[in-house]
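Understanding the architecture of this molecule
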Amino acid sequence: MKKLIVISDWAADSLSCQEFRSAVEGFLLRIDSPQINFVVSTPSTIHTSFLVNQIVEIEERFGKPLKTVIFQNTDPRIQSQSSLKQAEGAQFLIIRLKSGIYLCGPNAGYNFSMIKEKIDEVFIYPGFDKGSQFRSRDLYARVCAHLMEEMEDELQIEEVKIDVIPSLIGFYVGHIDNFGNIKTTICQEDFKGKFEYQDLVEVKINNVVKKLRYVSNLFAGALGELIIYPGSSGKIANRFLEIAVRQYFNKENYLSAKEEFANPKLGSLIEIKNIK
């Protein structure tokens, strides 16, 4: 049986997690305990996309792609300002990556945008865009169970073009870790030929403009300095840049990068003001 990784904006709620787990276990044909892990996302589809991309990256690098299913559920249902009588949301996709990982979930916003280059096939499950307020439990759990038991042939799906998934253009706040460091969607290649290490980079986030020192790693800046550097996320040869303040937590109490930029929302736009 394949393991299941759940990335969802409801994953911080223990009741929702258990309801979903119970539903998945109820649909499984085998009685052995499944491996189901939960990762907390937010209603930002850019945040969810960053999490999906990073978990895929690590599973492909260290895990067992052929034994992995990833289910994401972020669907803020902002496609209409009028009432949604049947809780209509985004269409449900099932995706197979070139590595063999299966992903599924609503195609809301940019949820799958950051893994587009890794996709082999995309399928749509008709009729799964409405009918329940808690679709993860009531509709999606059965699909997850089938994918875990390699029963994808039992699903009534239709192949579609990859174009149904939008591309993500620009730079954004992808994730903020527990230290207040900002993981961005800016790659090392985006700075190549434009900035050199030790250059000052003028960055605008959340209507706050700051000058950041571009350095090679988290510990290459001066104590208390706001820095931008190749972080721990993304491809090995083209990592995502992170924004942080180097500090000793048992000494001076500096503001974190999150605090320096007035607590930006996940998915916030990042502007590089002095890019060449």
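Structure's up top.
Everything numeric here is computed off the predicted structure, so don't read it as measured data.

1. A look at helix 3 (residues 135-148)
Between the first and last C-alpha of helix 3 there are 18 Å, a value that for 14 residues agrees with the 20 Å anticipated at 1.5 Å per step. Bending of helix 3 peaks at approximately 45 degrees at the position of Ala 141. Of all 14 residues that make up helix 3, 11 are buried, and the element is covered over most of its length. One or two steps after helix 3, the chain reaches Glu 150, where phi turns positive at roughly 55 degrees.

2. Observations concerning the pairing of strand 8 (residues 171-176)
The side chains of a regular strand alternate between both faces of the sheet. Note: strand 8 against strand 14 (residues 269-272), two bridges, orientation antiparallel. By the bridge assignment for strand 14, Phe 171 is matched with Ile 270.

3. Brief notes about unusual backbone geometry
A positive phi angle is found at Ala 262, which is not glycine, with a value near 55 degrees. Residue position: Ala 262 is located in the loop between helix 5 (257-260) and strand 14. With phi around 55 degrees, Asn 263 is a residue other than glycine that occupies positive phi space. For Asn 263, a relative accessible area of 46% puts it in the partly exposed group.

4. A look at the sheet that holds strand 3 (residues 68-73)
Pairing is mixed across the open sheet formed by seven strands, whose spatial order is 2-1-3-5-4-6-7. Bordering the open sheet on either side are strand 2 (36-40) and strand 7 (158-160), each of which pairs with just one other strand. Ignoring strand direction, the axes of neighbouring strands in this sheet form an average angle of 25 degrees. Where strand 3 lies against strand 5 (residues 102-106), three bridges are found, and the strand directions are parallel. What sits directly across from Ile 70, in strand 5, is Leu 103. Strands in contact with helix 3 are strand 1 (3-8), strand 2, strand 3, strand 4 (92-97), strand 5 and strand 6 (119-125); relative to strand 3, the strand with the most contacts, it is inclined by about 165 degrees.

5. A word on the packing of helix 1 (residues 14-27) against helix 3
Running from amino to carboxyl end, helix 1 crosses helix 3 at an angle of 50 degrees, the nearest separation of the two axes being 8 Å. As judged from the angle between their axes, helix 1 and helix 3 are oblique. Of the two possible hands of crossing, helix 1 and helix 3 adopt the one that is right-handed. The segment helix 1 lies against helix 3, with Glu 19, Phe 20, Ala 23, Val 24 and Phe 27 engaging Ser 136, Arg 137, Ala 141, Arg 142, Cys 144, Ala 145 and Met 148. Partitioning the contact of helix 1 with helix 3 into residue classes produces eight nonpolar, one polar and three charged.

6. Focus: the pattern of salt bridges
Opposite charge on two side chains lets them pair, provided their charged atoms get close. In total, this model carries 15 salt bridges according to the counting rule given. Note that Lys 118 and Glu 60 form a salt bridge whose closest N and O atoms lie 2.8 Å from each other. Taken as a pair, Lys 118 in the loop between strand 5 and strand 6 and Glu 60 in helix 2 (residues 45-62) lie far apart in primary sequence, 58 residues in all. Relative accessible area serves as the criterion here: at 15%, Lys 118 is assigned to the buried category. Shared partners join several salt bridges into a network, and the residues in it are Glu 57, Glu 60, Arg 61 and Lys 118.

Reading the values: the criteria
- Residues numbered from 1 in each chain as written.
- Predicted model: local features only at pLDDT ≥ 70, side-chain atom pairs only at ≥ 80, totals over all residues.
- Heavy atoms only, no water.
- Helix = DSSP H or I, 4+ residues; strand = E, 2+ residues; numbered from the N terminus.
- Expected span 1.5 Å × (residues − 1).
- Bend = angle between axes of the 7 residues up to and from the residue.
- Buried < 20%, exposed > 50% of the residue type's maximum accessible area, 1.4 Å probe, protein only.
- Pairing = 2+ DSSP bridges.
- Axes fitted to C-alpha atoms, helices over the stretch in contact; angles between N-to-C directions.
- Contact = heavy atoms within 4.5 Å.
- Parallel < 35°, antiparallel > 145°, perpendicular 65-115°, else oblique.
- Left-handed = near helix turned anticlockwise from the far one by under 90°.
- Nonpolar A, V, L, I, M, F, W, Y, C, P; charged D, E, K, R; others polar.
- Salt bridge = Lys/Arg side-chain N within 4 Å of Asp/Glu carboxyl O.

Spatial relationships are all this shows, so hold off on functional conclusions.
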